[in-house]
Amino acid sequence: MLPPDLPDRASALFFDFDGTLVELAPQPEAVHVDPALPGELSRLGGLLGGALAIVSGRPLADIDHHLALPPRFGVAGVHGAERRGADGVVRRMAVPPLDAALAPVQALAERHPMLRLERKPAGLALHYRQAPALEDACLAAMSEALARSEGMALMHGKMVVEIKPRRASKGAAVRSFLDERPFRHRRPWFFGDDVTDEAAFEFVLSVGGVAVKVGPGESLATHRLADPAAVRGWIARATSALAETPVERVSP
Ligand SMILES: O=P(O)(O)OC[C@H]1O[C@H](O[C@H]2O[C@H](CO)[C@@H](O)[C@H](O)[C@H]2O)[C@H](O)[C@@H](O)[C@@H]1O
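Residues numbered from 1 in each chain as written. Predicted model: local features only at pLDDT ≥ 70, side-chain atom pairs only at ≥ 80, totals over all residues. Heavy atoms only, no water.

For the chain, an unreviewed UniProt entry supplies the name Trehalose 6-phosphate phosphatase and the organism Piscinibacter sakaiensis. In its Catalytic activity (unreviewed entry) section, the UniProt entry covering the chain states "alpha,alpha-trehalose 6-phosphate + H2O = alpha,alpha-trehalose + phosphate". (UniProt positions renumbered as here; feature names shortened; annotations may be inferred.)

A. Just the overall build of the chain, in detail. In terms of helices and strands, the chain carries 7 helices and 12 strands. The C-alpha radius of gyration of the chain comes to 18 Å, within 12% of the 18 Å expected for a compact globule of 252 residues. Projected onto the principal axes, the alpha-carbon positions of the chain cover approximately 60 × 35 × 30 Å. The long-range fraction of contacts in the chain, counting pairs at least 24 apart against all pairs at least 6 apart in sequence, stands at 57%. Carbon together with sulfur atoms contributes 54% to the accessible area of the chain, which is approximately 11200 Å² in total. One finds the centroid of the 29 positive side-chain charges in the chain at a distance of 5 Å from the centroid of its 31 negative side-chain charges. (Helix = DSSP H or I, 4+ residues; strand = E, 2+ residues; numbered from the N terminus. Rg over C-alpha atoms; globule rule 2.2 N^0.38 Å. Contact = heavy atoms within 4.5 Å. Areas by Shrake-Rupley, 256 points an atom, 1.4 Å probe, with all protein chains shown as cover. Lys, Arg positive; Asp, Glu negative; His and termini not counted. Charge placed at Lys NZ, Arg CZ, Asp CG, Glu CD.)

B. Representation of the nonpolar core within the structure. F14, F15, L41 and I54 are the most contacted members of the largest nonpolar core, which has 50 residues in total. When residues no more than four places from it in sequence are discounted, the contact partners of I54 are F15, F17, L21, L41, I63, L67, L69, F73, G74, V75 and A76. Listed in part, the 20 residues of the second largest apolar core include V105, A109, C138 and M142. (Core = buried A, V, L, I, M, F, W, Y, C linked by side-chain atoms within 4.5 Å. Buried < 20%, exposed > 50% of the residue type's maximum accessible area, 1.4 Å probe, protein only.)

Structure follows, in structure tokens:
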């Protein structure tokens, strides 16, 4: 797979967070965000009329916390279960209470303090990065959680097993952004590193967009960058190139 070209003024850019904009860390809260990154994202988004969004498995509030984004910056969280458009309005999928689902997972996490249970607005994630031998036990507990919940789906990411709303996907989140200004009528590009990003790759490719896999591994994507540092390098090059090109009119 080749590295991606640079975008033009009619592009809309979508970035995953963990493993794409920041390197993976031992714990979710331990990620290091390059201090220049929020400004670089805002500058690039500004050159695209605001058509740049973050699409993450993390809660939206977590992304705001790590990137300190302005209130009208597009963000989808929990794999698309919550989404803030460029109008600043947050839309959340309704999810039945997860109390019953939580019980088997909490019991396992209490028995094994190296596991990390992350409760999200519309889902649960059980991290085993500090205890890889517990992968099967995590899968079993999360499968039981799934059986105790309604309308949820299981996902096995990087050292994490999650349940999230079945209707939520990063592909659907990107589609929703493209239905709205300032994303509408633009060519979407999606950058991601994990299984949850494949739905977004499938969608952007179906509408003639560009899919960029970050790091190794099989993927539907047609382009590849080696790691988050390479993504940040691409962002810097894209910003310089766009700053030098005249503004094109993009249909509203
Ligand atoms: O869609 P993403 O933005 O890539 O979010 C996917 C999950 O990322 C986080 O977990 C991952 O990153 C952690 C920090 O580097 C790492 O410790 C963990 O092993 C990874 O799975 C986040 O905590 C999850 O909620 C996201 O779903």
